[in-house]
Amino acid sequence: MAETQPKQWGVTAPISTQQPSPADLKLNDELVEELKRQNVFESPEGSDTRVRVLRHLQEVVNKFCQHVGKLKGLPQSTIDTMSGKIFCFGSYALGVHGPSSDIDTLIVAPKSVSLNDYFDHFEGIFREMSDEKLITEMNPVPDAFVPLIKMEYSGVSIDLLFVSLPSMTQIPKDLEGVDKNMLRGLDDTAMRSVNGTRVTLELMQSIPQIKSFRHALRAIKLWSNQRGIYGAVFGFPGGIAWAIMVARICQLYPMACGATILTKFFRLMGKWPFPRPVMLKNIEEGTLNLRVWNPTQYPGDRAHLMPIITPAFPSMCATHTIMHSTLDVMREEFERADQLINSENGILEGKKQWKDLFQKHTFFTKDHKYYLSVIAASRTEKAHSTFSGLVQSKFRLLCKNIEDGQCGIEIARPWMKGINRFHRYENEEQADKIIVGSTEFQIPASEVPATSAAEEPSKGIMYTTTFYVGLKLKPDGTKSLDISYPVGDFRNLVVSNNGYNDETMSVRVVHTRNTQLPDDLFSEGETRPQKPPKKEKKRDANKAAKRHFAETGLDDSEHATAKRQQSEHATNGVSTPTAA
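Only a predicted model underlies this, so the values are computations on that prediction, with no experimental measurement involved.

### Digging into the overall build of the protein chain
Each helix and strand counted, the protein chain has 19 helices and 11 strands in total. Put simply, the protein chain has 580 residues, and 51% of those count as buried. Of the contacts formed within the protein chain by residues at least 6 apart in sequence, a portion of 72% connects residues at least 24 apart. Carbon and sulfur atoms provide 48% of the accessible area of the protein chain, an area that totals close to 28,200 Å².

### Comments concerning the packing of aromatic side chains
Scanning all chains against the criterion turns up 27 aromatic pairs. A centroid spacing of 6.0 Å and a plane angle of 20° characterise the contact between W223 and F334, whose relative ring orientation is stacked. Taken together, the residues W223 in helix α7 (residues 210–226) and F334 in helix α11 (residues 324–342) connect sequence positions 111 residues apart. Residue W223 shares its accessibility class with F334, and that shared class is buried. With 5.5 Å between their ring centres and 85° between their planes, F364 and Y468 make a pair best called edge-to-face. Taken together, the residues F364 in helix α13 (residues 363–367) and Y468 in strand β10 (residues 461–473) connect sequence positions 104 residues apart. Y468 matches F364 in its accessibility class, with the two residues each being buried. The ring of F145 is capped by R192, whose NZ or CZ atom sits 3.7 Å from the centre of that ring.

### Some details on unusual backbone geometry
Backbone torsion omega between F274 and P275 reads 15°, so that peptide bond is classified as cis. Within the secondary structure, P275 sits in the loop between α9 (258–271) and α10 (299–302). A cis amide bond links F313 to the next residue, P314, at an omega of -5°. Structurally, P314 can be placed in the loop between α10 and α11. The phi torsion at N39 lies on the positive side, around 60°, for a residue other than glycine.

### Regarding the confidence of the model for the protein chain
With 89% of its residues at a pLDDT of at least 70, the protein chain reaches an overall mean of 89. Taken element by element, the predicted model of the protein chain shows its lowest mean pLDDT in helix α19 (residues 560–563) (47) and its highest in α7 (98). Here residues 541–553 is modelled with pLDDT under 50, and outside its nearest four sequence neighbours on either side it reaches 26 contacts, counting other chains as well. Taken together, the stretch residues 560–580 has pLDDT below 50 and engages in 52 contacts with residues farther than four places along the chain or on a different chain.

### Comments concerning the pattern of salt bridges
Using the criterion set out here, one finds 23 salt bridges in the structure. Here E34 ties to R37 by a salt bridge, and the two come within 2.9 Å at their closest N and O atoms. Highlighted residues: E34 and R37, both in helix α1 (residues 22–37), separated by 3 residues, approximately one helical turn. For R37, a relative accessible area of 61% gives the class exposed.

### Quick notes on helix α8 (residues 239–252)
In this model, α8 (14 residues) spans 20 Å end to end at C-alpha, consistent with the 20 Å of a helix rising 1.5 Å per residue. If you check which residues of α8 are buried, you get A241, W242, A243, I244, M245, V246, A247, R248, I249, C250, Q251 and L252.

### A word on the nonpolar core
Of all hydrophobic cores here, the largest spans 95 residues; its most connected members are F213, W223, W242, F265, F266, W354 and L357. In terms of residue count, the dominant contributor to this core is α8 (10 residues). Other than its neighbours up to four places away in sequence, F213 contacts L94, L203, I207, A243, V246, A247 and C250. Listed in part, the 29 residues of the second largest apolar core include L57, I103, F122 and F126.

### A few points about the environment of E349
Structurally, E349 can be placed in the loop between α11 and α12 (354–357). Apart from the residues lying within four places of it in its own chain, the contact partners of E349 are S343 and E344.

### Quick word on α7
It helps to recall that an α-helix has 3.6 residues per turn; residues three or four apart then point in one direction. Compared with the 24 Å implied by 1.5 Å per residue over 17 residues, the 24 Å span of α7 between its first and last C-alpha is a close match. Burial within α7 is extensive, with 12 of its 17 residues counted as buried. Of all the positions in α7, only S212, F213, H215, A216, L217, R218, A219, I220, K221, L222, W223 and S224 are classed as buried. Phi turns positive one or two residues past the end of α7, at G228, with a value near 75°.

### Concerning the sheet that holds strand β1 (residues 85–89)
Here 5 strands make up an open sheet; going across it, the order is β1-β2-β5-β4-β3 and the pairing mixed. The open sheet is flanked by β1 and β3 (135–141), the only strands paired with a single partner. Geometrically, the sheet is characterised by an average inter-axis angle of 25° between neighbouring strands, direction not taken into account. Note: strand β2 (residues 103–110) against strand β5 (residues 156–165), 8 bridges, orientation parallel. When the bridges of β5 are listed, P110 appears paired with L165.

### Quick notes on the side chain of K221
Summarising the element assignment, K221 is placed in helix α7. This buried residue, K221, is left without a salt bridge; D102 holds the nearest opposite charge, at 7.8 Å. Beyond its immediate chain neighbours, meaning those up to four positions away, K221 contacts S91, V96 and Y230.

### Details of the packing of α9 against α11
Interhelical geometry of α9 versus α11 gives an angle of 140° and a closest axis separation of 9 Å. Judged by the inter-axis angle, α9 sits oblique to α11. Every pair of crossing elements has a handedness; the one defined by α9 and α11 is left-handed. Of the residues in α11, those touching α9 at L262, T263, F265, F266, R267, M269 and G270 are F334, A337, D338, I341 and N342.

### Details of the pairing of β5
Most of β5 is tucked away: 9 of the 10 residues are buried. Bridge count for strand β4 (residues 148–153) against β5 is 6 bridges, and the pairing is antiparallel. Within the sheet, the bridge partner assigned to K150 lies in β5 and is D159. Following β4, the chain reverses through 2 residues before pairing antiparallel with β5; S154 in that reversal takes a positive phi of roughly 55°.

### Structural notes on the environment of L165
With respect to the helices and strands, the residue L165 is situated in strand β5. When the C-alpha positions of L165 and V108 are compared, they lie 7.1 Å apart, and in sequence the two are 57 residues distant. Filtering out sequence-adjacent residues up to four positions away, L165 remains in contact with V108, A109, P110, K111, I171, V178, M182 and L186.

How each quantity is defined
Residues numbered from 1 in each chain as written. Predicted model: local features only at pLDDT ≥ 70, side-chain atom pairs only at ≥ 80, totals over all residues. Heavy atoms only, no water. Helix = DSSP H or I, 4+ residues; strand = E, 2+ residues; numbered from the N terminus. Buried < 20%, exposed > 50% of the residue type's maximum accessible area, 1.4 Å probe, protein only. Contact = heavy atoms within 4.5 Å. Areas by Shrake-Rupley, 256 points an atom, 1.4 Å probe, with all protein chains shown as cover. Phe/Tyr/Trp six-rings, centres within 6.5 Å; stacked < 30°, edge-to-face > 60°. Lys NZ or Arg CZ within 6 Å of the ring centre and 35° of its normal. pLDDT = per-residue confidence, 0-100. Salt bridge = Lys/Arg side-chain N within 4 Å of Asp/Glu carboxyl O. Expected span 1.5 Å × (residues − 1). Core = buried A, V, L, I, M, F, W, Y, C linked by side-chain atoms within 4.5 Å. Pairing = 2+ DSSP bridges. Axes fitted to C-alpha atoms, helices over the stretch in contact; angles between N-to-C directions. Lys, Arg positive; Asp, Glu negative; His and termini not counted. Parallel < 35°, antiparallel > 145°, perpendicular 65-115°, else oblique. Left-handed = near helix turned anticlockwise from the far one by under 90°.

Printed below as a string of structure tokens:
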């Protein structure tokens, strides 16, 4: 009688089906202990709060659907049975969320409740049914690539997406997910909204050992955040892309524990022959006229540098924002991690510990000599909540255009989060300094006057979010350095947006040397970059051949304020005197 073939996970046979050894299990226990020390697990109290918030959210969704049905004059019998259903996806649904993680949530509604209804009525219904004091954020973003409401309730952050299913007149209370047959009639926006829940479900079904996957993914999330390489909006893999990569390693080592998955992850991903895609299953062709990732057919798909393909139909590339600069940085980080774990002086040999893997980045302390500071400034809190998001959404394009252009720059590495600051100014001269990056008038968040939605915003308070780009120049970069075109394009993208208001908003791009970085970018114990002694400068014979940054399309942050007082006809494309 023929032996039963073991199940194949993924698109290829496994590399090894070996069971964990006692040494592997010991290493895994040490990894879990380190993860606990790093506070990546949520407390039971935090978990209970999330469950209560989601239960409340479901009640609001039901009331919202009935409210819309009543407005549209549907029969009372229909209204009485109308409801929606919420589905979680992302880190919470994968079981790898931490104490500060948000919950990615999708509202599935019947066809009689539209996306416009969602943005017109949901917030009002939620406020009506909730304790107003527990609502600390409610920010609708209808024009986003994936429209959503960003909210925080009872200390839990939620990204709330919405989809109306054209094929469903009612949403059953026992609906387990949005299956392929329900996609008929959805437009591209709705498809993007519903994709997260479908991907999460397929991903969980593609993993041999859920516990090993969760331990390894928690470690990868911590490592990628500590090393500054997390976030699709900044040109790095986001949560779902990292999850797919970890899941693929789990498929190749289906019996391995979390620590073994982690040790294999860095070596395999570091040597992966991109642009060969990482896939958990073969791409499923469809009949719904929905676009599926296909580099042989679509030039845009062919241009993806590090394709990580989602498993649910229609398959998409989760890493379409990866750039040459960010891919180079990730390869360096894969190599560093592999050496820390697998070298003769590494973790496997007992010479290093897991905490060494999670050591904090050196982006601000020693990685770069030159930076760009992209400063989004607003004069009201309400304006800034929208404007900072707008600038963030265009920030990656600035970096991409710099690396694609003939700018003399080899690497333009975006930092993976914006830095929020608050400032108090007494006159326009002080305001001008803040707009171009001065922290002279910065105040702590606790000193910002609280205002309700009905009150006038506080005068004399400036809200800024600064995004940083680390620059690595080509060997002869200072001779050809000119980023005025990409900076000008970036500023035009921002100021031409319908939401831009030059009376309350401004955006500036300023060159900042490492010795000029603000103090709040450095943690206690970190060494700030220092200016070299003058005698070292005298030994540099080549200095005379180099051009000053201000002559190459960049403003120097030391002189940016003075430049604002120059002619209205300044044309270097950065930090011009006119409001932008």
